[in-house]
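# Report on the structure
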There are 2 protein chains.
Amino acid sequence: MSESTAQLDKEDPLASLREQFHLPENTVYLDGNSLGALPKGVSSAVADVVEKQWREDLISSWNKNDWIRLPNLVGEAIAPYLGAASGQVLCSDSISVNLFKLLATALALKAPRRVILALEEDFPTDAYIAQGIAQLLGEERCELRRVAPDQLEDALNDDVAVLMLTEVNYRSGERYDMAAITEAAHAAGALVLWDLAHSAGVIPIELDRLNVDFAVGCGYKYFNGGPGAPAFLYVNHRHQSEARQPLSGWLGHRDPFAFAADYEAGSGVQRYQAGTPSIISMVALSAALRVLQLTDIAQIREKSLALTAFFMRGLASRGLLDDLECLTPEEPERRGSQVSVRYEQAWGISQALIEAKVIVDFRAPDIVRFGFAPLYNSFADAERALDILAEVLSDQRYLDERFSERPAVT
Amino acid sequence: MSESTAQLDKEDPLASLREQFHLPENTVYLDGNSLGALPKGVSSAVADVVEKQWREDLISSWNKNDWIRLPNLVGEAIAPYLGAASGQVLCSDSISVNLFKLLATALALKAPRRVILALEEDFPTDAYIAQGIAQLLGEERCELRRVAPDQLEDALNDDVAVLMLTEVNYRSGERYDMAAITEAAHAAGALVLWDLAHSAGVIPIELDRLNVDFAVGCGYKYFNGGPGAPAFLYVNHRHQSEARQPLSGWLGHRDPFAFAADYEAGSGVQRYQAGTPSIISMVALSAALRVLQLTDIAQIREKSLALTAFFMRGLASRGLLDDLECLTPEEPERRGSQVSVRYEQAWGISQALIEAKVIVDFRAPDIVRFGFAPLYNSFADAERALDILAEVLSDQRYLDERFSERPAVT
């Protein structure tokens, strides 16, 4: 490691937070944008919910250990990272399921408007869920329309019920201008639904201030909540009394334990609960969130930008951009917390990097993503990744036939 | 404990399975029909997924530790208890969310039929979800119609797309005749969707043989998968190629990691996956299922019936039925694995029992449920519950004002 890099780590106010995580030895983990590393406090919290709350308190834990309020409590713990005042964020289900709830809500609020406007190349599940609801409702009531980013404003016409897009694109790492886009959508009379999968926990978000209508996001990336951690959703206060969502399961009822014959929506965001939540997974997420509380999101963002800038400068200064195309914008405000490069043999590059213990991921057909998690990644990590990437490119080991097979999950 | 009761426990071929569970000391736990007790193997499985799979293998676990196939693997482990051949059961989401998927499927398959036929007094979430889909689709495409059990056959007319009902009623513990009802529904040209929440894992079920169309059920009752354990769903092979469900998230896609622009349903039951599953909670369920594999469902059922019969005989022989009305049918084939009694002061009775360490639950407005989990409940448990119940009734302590307040969860 160079001296200047060591100095950057020495001056990093978040450097000590790395100690809050279990990280694999001799490994540079740059895939926290896919699955965050394990915070040290999680194991004991999970052991407690299993070995004490479930084992000893059993059914009484729903009251005694507040399982019944856990979706709200975890939602409230997430809310500050979204710039959301109390009572608008709920931890529940998956992003896919939450998108369905919110798209249905938006279409109902805006009928007879019928278009879900989205970006081409957004994360697939967003479009898939929109296609699911469009097929269910029929084309008279719903249509998914997708456009390139530069066509977005023109596409915001009187048909659009809701604009749905991800703040940070999962492929390029590009960040869109939430303030301007939200304002444009509102000016066109549409609602806006932001997917925060690649920004929550790593970029300051101001849902309330920007008057955003709805949002979803996930617990397993920058919140480090563990594999398939429950997701979250945000419903702005001003929609809550009118909003109806069709996954009206019993825990969204005004009084679930009255076992009433007919559904009556609970107050506020509560009505966005559906069935019984996976408590063990939700407790893991709850414990993971405590690490973020040791710092603040502005510092996290500052370090994130420093790491990605360091990495992008390194790509250029080492001449790696002769081969690779960097997809991630240079302007800090247009970046998330990952750097994405394009190369025909991206699969081989990703596998050669992983073999050399630099954990990145591949996105078909030709992208390698380097995700930087400011809570545990260091500048030394970034330098090491650059070193190995330079080696892999120069000796062309990515062409080796041992990298020819792709598994089910990439 | 009486000698004859001790003898019953001594002769019980499942008695040794109690050792597979952590049970609270000096407590009779009769609420396994709400939350199953903790199997001893779960803690180490959960520690392994957190401390090894997540911590060390990180993102590679999706392949290396087969997280990507976990919903199918757990589904396959559940399938034998449902009488389902391979490829029809998936572990995913909650019962509520799975009901939505399957009701939407059934309505699409049977259009222009538009009625969801259900029983009055079935578990509320089933009706709530049907109301959610009816409100979303509009009355021209969907109506929830509810009838008393004795009106069921008459109500099966040409409008009915799908009959949805729970095999064992959560209030009364009454079990319905799945064979006869399924046949009647099919004779009327309707599909049938069974909710197995109170029967899976404790009653032999024969979905394939009875030609059932769809089913759902939960992981946290007789499968002992932990609080809010993921649920399961069953889609009969004959519907799988045609079936479409609207919660078309990315993991239900034919090739999720192709990140294709448009949704293409995966083959078979796979298309019923939506978003990323909560792996930690699913691993807990997976480990819990191993206890059931130490015996077989016929033996479980035999013991279940013996326990409930013992308890019901005890209610009668102690004269407790002068006060209490037993709601659970006497005929074995019409019982699930719980005994429910009705009394005006049911809330006070349930709290007095719990205070005396007999853990039961209350269902508003006037029911106390005694749930028997044959894997860990003994005849001694049943006798102890009868003893305490007799005391509580004779000294009327259920009237005490310390039992006047009801918490959020009952």
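Computed from a predicted structure; not experimentally measured.

This paragraph deals with the pairing of strand 12 (residues 338-342) of chain B. Residues and elements named next belong to chain B. Within strand 12, 4 of the 5 residues are buried, which leaves the element mostly enclosed by the surrounding structure. Where strand 12 and strand 15 (residues 367-371) come together, 5 bridges link them in antiparallel fashion. Paired with Gln 338 across the two strands is Gly 371, which belongs to strand 15.

A word on helix 4 (residues 70-82) of chain B. All names here are of chain B. Look at helix 4: 18 Å from first C-alpha to last across 13 residues, which is about the 18 Å you get at 1.5 Å a residue. Glu 76 marks where helix 4 bends most, by close to 25 degrees; the proline Pro 80 follows one to four residues later. Burial analysis of helix 4 places 10 of its 13 residues in the buried class, the great majority of the element. When we look at burial in helix 4, the residues that qualify are Leu 70, Pro 71, Asn 72, Val 74, Gly 75, Ala 77, Ile 78, Ala 79, Tyr 81 and Leu 82. Residues of helix 4 that are buried sit in contact with strand 4 (89-91), strand 9 (214-217), strand 10 (232-235), helix 10 (279-292) and helix 11 (297-317). One or two residues past the end of helix 4 sits Gly 83, with phi positive at roughly 65 degrees.

In terms of nonpolar packing, the biggest core is built from 286 residues, with Leu82(A), Leu103(A), Val162(A), Leu82(B), Leu103(B) and Val162(B) touching the most fellow members. Among residues more than four places away in sequence, those in contact with Val162(A) are Leu103(A), Ala106(A), Leu107(A), Lys110(A), Ile116(A), Ala190(A), Leu191(A), Val192(A) and Leu193(A).

Moving on: the confidence of the model for chain A. In low-pLDDT regions, the fine details of the predicted coordinates are not to be read closely. Looking at chain A, pLDDT values average 97 and 100% of them are 70 or higher. Two summary scores accompany this predicted model of the complex, namely pTM at 0.97 and ipTM at 0.97.

Our focus in this paragraph is the relation of the copies chain A and chain B. Superposition of chain A onto chain B requires a rotation of 180 degrees combined with a translation of 0.0 Å along the rotation axis, giving an RMSD of 0.0 Å. Viewed as a symmetry operation, the transformation between the two copies matches a two-fold axis. Relative to the rotation axis, the C-alpha of Ser281(A) is the closest in chain A, positioned 2.8 Å from it. A shared interface surface links the copies, since 100% of the contact residues of chain A are contact residues in chain B too.

Here we take up the sheet that holds strand 15 (residues 367-371) of chain A. Strand order in the open sheet made by the 4 strands is 11-12-15-14 (chain A), with antiparallel pairing throughout. Looking at which strands have only one partner, the edges of the open sheet turn out to be strand 11 (325-326) and strand 14 (361-363) of chain A.

On to the sheet that holds strand 11 (residues 325-326) of chain B. Taken in spatial order, the 4 strands make up an open sheet running 11-12-15-14 (chain B), and their pairing is antiparallel. Edge positions in the sheet fall to strand 11 and strand 14 (361-363) of chain B, since each of these pairs with one other strand and no more.

Now for the domain arrangement of chain A. By convention, interface size is frequently given as the accessible area that disappears when the constituent parts associate. Residue and element names in this part refer to chain A. Parsing chain A into structural domains produces domain 1 (3-30 + 296-403) and domain 2 (46-292). Placing the centre of domain 1 and that of domain 2 at their C-alpha centroids yields a distance of 30 Å. The set of elements that each furnish at least two residues to the side of domain 1 that touches domain 2 consists of helix 11 (297-317) and strand 12 (338-342). Ranked by the residues each element gives to the side of domain 1 that touches domain 2, the list is headed by helix 11, at 5 residues.

What counts, and where the lines are drawn
- Residues numbered from 1 in each chain as written.
- Chains lettered and ligands numbered in written order.
- Predicted model: local features only at pLDDT ≥ 70, side-chain atom pairs only at ≥ 80, totals over all residues.
- Buried ≥ 20, exposed ≤ 12 C-beta atoms within 10 Å, placed from the backbone.
- Helix = DSSP H or I, 4+ residues; strand = E, 2+ residues; numbered from the N terminus.
- Pairing = 2+ DSSP bridges.
- Expected span 1.5 Å × (residues − 1).
- Bend = angle between axes of the 7 residues up to and from the residue.
- Contact = placed C-beta atoms within 7 Å.
- Core = buried A, V, L, I, M, F, W, Y, C linked by C-beta atoms within 7 Å.
- pLDDT = per-residue confidence, 0-100.
- Least-squares fit on C-alpha atoms with pLDDT ≥ 70 in both.
- Domains from an automatic or database assignment.

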